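One-letter residues, chain by chain:
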Amino acid sequence: MGKNIIVIGGVAGGASVAARARRLDESANVTMFEKGPNVSFSNCALPYHLSGTIADANDIVLMDPKQFKAQYNINAVVNHEVVDIDSNKQEVVVKDVLTGELENVSYDELFLSPGADPILPSNIKGINGDNVFTIRNVEDIKAIKSFLDEKSVKNVSVIGGGFIGIETAENLKKGGYNVSLVEGMDHILGTIDYDMAQIVQKTMLDNGVDVIVDDVLTEIDSNSITLKSGKKLDSEAVIMSVGVKPATALAQKAGVELGVTGAIKVDQHYQTNLPHVYAVGDAIELVNRITRKPTKLNLAFPAQLEARQAVDHIYGREVHNRGIIGSQCIPVFEMNVASTGLTEKQCQEAEIDYEVAVVIPKDKVALMPNAKPLYFKLIFGNPSGEILGAQAIGESSVDKQIDVIATMITNHNYVEDLETLELCYQPTFSTAKNAVNMAGLVATNLLNGEYKQVTVDQVRPLVEAGATIIDARESFEYEEGHIKGAKNIPMSEFRDRLSEIPTDKPVYIHCLSGQRSYNVVRALVNMGYTNIYNISGSYLDICEYEYFMDQTTDREPIVTNYRFDLL
């Protein structure tokens, strides 16, 4: 007789455990217990019901118990919650949530995949109101849509600017609602850095979402919310997406050890401290393969991979839990955002010396219709040159560039490896040198000390301090908009105007994207100048970086006019 395998929880982790067990052992008795009505659904697709992109919420359900039984001979038992585990007897206590009936079920191997629970801060007044929702499953999204329709809601507040919050805000806006997105940190999307997040915030602002950062929710009533700043927003419905916490209550009750992050601690094989008890998915503690430090990660593919490897182990297969790097992507209206590895903030927290290279090529050859800027940021070790992370934003499929970098990180590659990396090219797909190639070239030059740079976050202080800034664009570009106080010396003229470029103080040079100014900087360095800096990202990136805060605060812009596209 085959193994008796019990899986607690479904979706990405649990369902993958069950399916892998069946593929390896046709004789196993595989049972999944799910306390809700759906054992397999697309979590990531939930917000798309709010815009009507997915018209019927039931379509989000991928497989029902009958399909599991017919196709895989897996017992998928819904509306049943495992309420206790006796690891000595190798039994679980299962409660029928509809009748309250209890049943003891034995196991040979037990897999925990309880997921994570949305955080609802108890200090927020009105947090338990009927108009406050979270998004975790299909029933949640149905409840939200029903409330919005039945109450004829016009104004909705989304609290939290992570993946779920952003997807929810966008889909609500597309659904015809007035939407406010409130984020307590200084920028949305913690998976990217502040500078890159400004592009995303501008995109949401341009599409009519009221984005509020560095402010927190303090009170909810039936028609409005109040923030810590005192700001009051019209809001008949509130969707909380401030984060999640590992669902560990059952595990703790059973004596499962937790890690330093508060998630379930597992070993190389995803086994807990209890014999024959494994855990996968959002509830477990992982290791960041770059920093080697414990972390958590709420993503579908890692959960599926963990499930496969955990099941492989019980069948004697060799597995390697090498940790995670955190590769992820998200569409935000017309823009796409992707990232992998470490951010600058994570490097700082881990006390890793690093440098950054920013390039802004077009996403295809410039003469092709609808060629758009591709903002690409590479983070690498200094002085090692080891690739640590990357972030990309654009209207094209920026996940391509990030997938390349994810592969390079996994293989412990260096920035020099990007220079000669042969990638696909055709004018409608990419530039001849891909953005990752360009970033590798820039990074290598920086490591070699061939020129110096400043980043966009340093420009405003330089302007306010009266620093010498030279605009290397042509005069017509300068006249359309420029940094206040900058002197226009076009690339086409600088060799004839060297007398206007000081040698006794720092000089900061920019163009539109950083390419022309880089060439000017290299030429000046070759002429013996030692005081020259290229402004990374240049005018285009400066405008993207400054715009959101200029529009949402009372500060004075440092540019006379904004520009958001390449020539």
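Our structure is the block above this text.
Below is a summary of the structure that appears in this document. As the structure is a prediction and not an experimental result, all values here were calculated from the model.

About the thresholds
- Residues numbered from 1 in each chain as written.
- Predicted model: local features only at pLDDT ≥ 70, side-chain atom pairs only at ≥ 80, totals over all residues.
- Heavy atoms only, no water.
- Helix = DSSP H or I, 4+ residues; strand = E, 2+ residues; numbered from the N terminus.
- Rg over C-alpha atoms; globule rule 2.2 N^0.38 Å.
- Buried < 20%, exposed > 50% of the residue type's maximum accessible area, 1.4 Å probe, protein only.
- Contact = heavy atoms within 4.5 Å.
- Areas by Shrake-Rupley, 256 points an atom, 1.4 Å probe, with all protein chains shown as cover.
- Lys, Arg positive; Asp, Glu negative; His and termini not counted.
- Charge placed at Lys NZ, Arg CZ, Asp CG, Glu CD.
- Pairing = 2+ DSSP bridges.
- Axes fitted to C-alpha atoms, helices over the stretch in contact; angles between N-to-C directions.
- Salt bridge = Lys/Arg side-chain N within 4 Å of Asp/Glu carboxyl O.
- Expected span 1.5 Å × (residues − 1).
- Polar contact = N/O pair within 3.5 Å; in protein donor to acceptor, adjacent residues only side chain to side chain.
- Core = buried A, V, L, I, M, F, W, Y, C linked by side-chain atoms within 4.5 Å.

### Considering the overall build of the protein
Secondary structure summary: the protein contains 15 helices and 32 strands in total. Taking 24 Å as the expected radius of gyration for a compact globule of 567 residues, we find that the protein reaches 27 Å, a close match to that expectation. Within the protein, the proportion of its 567 residues that are buried is 55%. Restricting to contacts in the protein with at least 6 residues of sequence separation, those with at least 24 account for 62%. Accessible surface, the protein: about 24,600 Å² in total, of which carbon and sulfur atoms supply 47%. When the 50 positive and 76 negative side-chain charges of the protein are each reduced to one mean point, those points stand 1 Å apart.

### Quick notes on the sheet that holds strand β15 (residues 217–220)
Within a sheet, neighbouring strands are paired by backbone hydrogen bonds and run either parallel or antiparallel to one another. Strand order in the open sheet formed by three strands is β15-β16-β17, with antiparallel pairing between adjacent strands. One side of each edge strand has no neighbouring strand; the edge strands of this open sheet are β15 and β17 (232–234). This sheet shows a mean twist of 25° between the axes of neighbouring strands, independent of strand direction. Taken together, the three bridges between β15 and strand β16 (residues 224–227) define a ladder with antiparallel strand orientation. Within β16, the position partnered with E219 by the bridge is T226.

### Quick notes on the sheet that holds strand β29 (residues 468–471)
Strand order in the open sheet formed by five strands is β28-β32-β31-β29-β30, and the pairing between neighbours is parallel. Looking along the sheet, the strands with just one partner apiece sit at the ends: β28 (452–454) and β30 (487–488). As judged from the four bridges shared by β29 and strand β31 (residues 507–510), these two strands associate in the parallel manner. By the bridge assignment for β31, I470 is matched with I509. Against the sheet, helix α14 (residues 515–526) contacts β31 and β32 (532–535), and its axis sits at roughly 170° relative to β32.

### Thoughts on the pattern of salt bridges
The final tally for this structure, using the stated rule, is 25 salt bridges. For D471, the salt bridge identified is with R473, shortest N-O distance 2.8 Å. Across this residue pair, the class does not change: D471 and R473 are buried. With a shortest N-O distance of 2.9 Å, R497 and E500 are connected by a salt bridge. Its relative accessible area of 30% is what places E500 among the partly exposed residues. Among the charged side chains, a network of salt bridges with common partners joins R460, E464, E546, D550 and R555.

### Focus on helix α3 (residues 138–150)
Taking 1.5 Å of rise per residue, the 13 residues of α3 would be expected to cover 18 Å, and the 18 Å separating its terminal C-alpha atoms lies within 8% of that figure. Restricting attention to buried positions, one finds in α3 the residues V138, I141, I144, K145, F147 and L148. Contacts made by the buried residues of α3 are with β3 (40–41), β4 (61–63), β11 (132–133), β12 (155–159), α4 (163–174) and β18 (237–240). Capping of α3 at its N-terminal end is provided by N137; its side-chain oxygen lies 3.2 Å from the backbone amide nitrogen of E139.

### As for the environment of E257
Its place among the elements puts E257 in the loop between α6 (249–254) and β20 (277–279). By relative accessible area, E257 is classed as partly exposed at 39%. Separated by 15 residues in the primary sequence, E257 and T272 place their C-alpha atoms 7.1 Å from one another. Setting aside residues no more than four positions away along its own chain, E257 makes contact with I264, K265 and N273.

### Observations concerning the nonpolar core
One finds L148, L172, M204, I393 and I483 to be the most contacted residues of the largest nonpolar core, which totals 69 residues. The element best represented in this core is helix α15 (residues 538–552), accounting for eight residues. Among all residues touching L172, those that are not within four sequence positions of it are L50, L148, V156, V158, Y177, V179 and I239. In this structure, I8, V39, V94 and A254 belong to the second largest nonpolar core, which totals 48 residues.

### A short note on the pairing of strand β24 (residues 335–341)
Across a regular strand the side chains alternate sides, sitting on one face of the sheet and then on the other. Counting buried positions along β24 yields six of seven residues, so the element is predominantly enclosed. Bridge count between strand β23 (residues 328–332) and β24: five bridges; the pairing is antiparallel. Opposite I330, over in β24, you have V337 as the bridge partner. The loop that links β23 with its antiparallel partner β24 comprises two residues; one of these, F333, has a positive phi angle of about 50°. Relative to strand β27 (residues 387–394), β24 runs antiparallel, the two sharing six bridges. Counterpart to G341 in the pairing with β27 is G389.

### Considerations on the side chain of Q391
Tracing the backbone through its elements, the reader meets Q391 in strand β27. At 2.9 Å, the side chain of Q391 and the side chain of D193 are in polar contact. Look past the residues within four positions of Q391 in its chain and what remains in contact with it is I192, D193, M196, A338, S339, T343, Y375, F376, K377, I379 and I402.

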